[in-house]
Amino acid sequence: MRVKDPAQIRRWRKQRHFTQRDLAYLVRRSQATIWQLESGRLKTITEDLAIAIAARLDVPWEDLFEAHERIAMDDLTNEVHSSQRAAVA
């Protein structure tokens, strides 16, 4: 999951009166992870962590994160080969 706005996570955390350490404890991560997330140094996180953070902050995860889909390498390779065949024909 991609972080939409790191500062928004910080604002929600502060509105809930959590320290970085509090939130880290609640989502079973280190305070350093929360710091990296809020400072923009951590741009993508696992879906599990995103959902846990959103749940603890009582915010829909879609407000804080955006899902990014992974294209399977086989699918990507097949698309490239298909477009190459079409160009030759």
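Predicted, not measured: the structure shown is a model, and the values here were computed from it. (Residues numbered from 1 in each chain as written. Predicted model: local features only at pLDDT ≥ 70, side-chain atom pairs only at ≥ 80, totals over all residues. Heavy atoms only, no water.)

Along the polypeptide, glutamate 47 turns up in helix 4 (residues 47-57). Separated by 46 residues in sequence, glutamate 47 and methionine 1 have C-alpha atoms that sit 5.7 Å apart. (Helix = DSSP H or I, 4+ residues; strand = E, 2+ residues; numbered from the N terminus.)

Moving on to the nonpolar core. If you look at the biggest cluster of nonpolar residues, it comprises 17 residues, and the most contacted ones within it are Ile9, Ile45, Ile53, Leu57, Leu64 and Phe65. When contributions to this core are tallied by element, the ones reaching two or more residues are helix 2 (20-26), helix 3 (31-39) and helix 4. Here the element with the most residues in this core is helix 4; it accounts for five residues. Apart from the residues within four sequence positions on either side, phenylalanine 65 is in contact with Met1, Arg2, Val3, Lys4, Ile9, Ile45, Ala50 and Ile53. (Core = buried A, V, L, I, M, F, W, Y, C linked by side-chain atoms within 4.5 Å. Buried < 20%, exposed > 50% of the residue type's maximum accessible area, 1.4 Å probe, protein only. Contact = heavy atoms within 4.5 Å.)

Before going further, it helps to examine the environment of leucine 26. Mapping leucine 26 onto the fold places it in helix 2. Contact partners of leucine 26, with chain neighbours within four places excluded, come to Phe18 and Arg56.

That is the geometry; function is a separate question.
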